[in-house]
Amino acid sequence: MLFSPVMEIEQNGTVPDLTGIRTLVFTSQNGVFGYAAGTDRRDIPCYTVGDTTAEAAESAGIQAISARGAAEDLLALMFADGVRGPVLHLRGEHAAADVAGALREAGIEARDAVLYKQRPRALNDTARQALLGACPVILPLFSPRSARLVIADTVPTCPLVPLAISDAAVAALPAPLARAALVAARPDGEAMLAGLADALAAAKRLEGAIGPK
């Protein structure tokens, strides 16, 4: 197994004034970590996009409700629950969806605050060699930006099985790679782990196809 992250997290934001805030929103664990480090307030409940982020919030002492899905599931749940503003979304510099903007369009007072940056990080030489080699590679992609950063660094020529966390991550790939991609059953880490079984099976089929005849 090779490890070569394409992003590194830099916590550099400040938690804004929380006066009047009724509900927090977290779309990643890093938002939770930045919030927990920046304030002692634990009395404001939150909504999270997935279970992993909800667990991080609960561990920090914040009451959490998980949407167990993507940004659209998060918004649908908040609308169904009749969430009232003001709402504060704590997020990274790069966000896959404008949650606060969607809430405002629905008539809910909302704003966001950037607490961390996701800085690009170059692939290491071992990862590049694998992507350019002859052996099958399973490539986990946890966001559309991750997919774009990998391709910007090294366009894979190996037999590739992309394992994507969402359709949006698949859409960020070039068409030939997108057609080979598998998508996790849910957009979270647990589903990505579960998807490895199918990805391994696909990689073995590719390995057989290029092996000795």
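One can find the structure itself at the top, above this paragraph.
In this text the structure is predicted, and so the values were computed from the model without any measurement.

Colleague: Please clarify how helix α3 (residues 71–80) should be interpreted in this entry.
Modeller: Every buried residue of α3 is accounted for by Ala 71, Leu 74, Leu 75 and Met 78. An end-on view of α3 places all buried positions within 95° of arc, on one side of the element. Facing away from the buried side of α3, by more than 90 degrees, are the exposed residues Glu 72 and Ala 80. Lining the buried residues of α3 we find β2 (23–26), β3 (46–48), β5 (87–92) and α4 (99–105). Phi turns positive, to about 65°, at Gly 82, one or two residues after α3.

Colleague: Explain the sheet that holds strand β8 (residues 160–164) to me, please; I cannot follow it from the model alone.
Modeller: Backbone-to-backbone hydrogen bonds join strands into a sheet, with any given pair of strands oriented parallel or antiparallel. Pairing is parallel across the open sheet formed by three strands, whose spatial order is β7-β8-β9. For this open sheet the edge positions go to β7 (137–141) and β9 (182–183), each flanked by a neighbour on one side alone. When β8 meets β9, the two strands line up parallel, connected through two bridges. By the bridge assignment, Ala 164 is partnered in β9 with Val 183.

Colleague: When you look at a nonpolar patch on the surface in this model, what are you seeing that I'm missing?
Modeller: A cluster of nonpolar side chains, Leu 193, Leu 196 and Leu 200, forms an exposed patch at the surface whose accessible area comes to about 280 Å². Positionally, Leu 200 belongs in helix α9 (residues 189–210). The partly exposed category is assigned to Leu 200, whose relative accessible area is 45%.

Colleague: Looking at this structure, I do not really get the packing of aromatic side chains. What am I missing?
Modeller: Think of a pair of aromatic rings as described by two things: how far the centres are apart, and how the planes are tilted against each other in angle. On inspection of all chains with the given rule, the structure shows one aromatic pair. Judged by centre distance (5.7 Å) and plane angle (70°), the rings of Phe 26 and Tyr 35 are edge-to-face. Residue Phe 26 is classed as buried on the basis of its relative accessible area of 0%.

Colleague: Would you take a moment to explain the sheet that holds β2 for this structure?
Modeller: Across the sheet, six strands lie side by side as β1-β6-β5-β2-β3-β4; this open sheet has mixed pairing. The open sheet is flanked by β1 (7–11) and β4 (64–66), the only strands paired with a single partner. The average undirected angle you get between the axes of adjacent strands in this sheet is 25°. Inspection of the sheet shows β3 paired to β4 by three bridges, in the parallel sense. Counted as the bridge partner of Cys 46 is Ala 64 from β4. Strands β2, β3, β4 and β5 of the sheet are contacted by α3, whose axis makes an angle of about 145° with β3.

What counts and what doesn't
- Residues numbered from 1 in each chain as written.
- Predicted model: local features only at pLDDT ≥ 70, side-chain atom pairs only at ≥ 80, totals over all residues.
- Heavy atoms only, no water.
- Buried < 20%, exposed > 50% of the residue type's maximum accessible area, 1.4 Å probe, protein only.
- Helix = DSSP H or I, 4+ residues; strand = E, 2+ residues; numbered from the N terminus.
- Arc of directions from axis to C-beta.
- Contact = heavy atoms within 4.5 Å.
- Pairing = 2+ DSSP bridges.
- Patch = residues over 30% accessible without salt bridge, like charges linked within 9 Å, V, L, I, M, F, W, Y side chains within 5 Å.
- Areas by Shrake-Rupley, 256 points an atom, 1.4 Å probe, with all protein chains shown as cover.
- Salt bridge = Lys/Arg side-chain N within 4 Å of Asp/Glu carboxyl O.
- Phe/Tyr/Trp six-rings, centres within 6.5 Å; stacked < 30°, edge-to-face > 60°.
- Axes fitted to C-alpha atoms, helices over the stretch in contact; angles between N-to-C directions.

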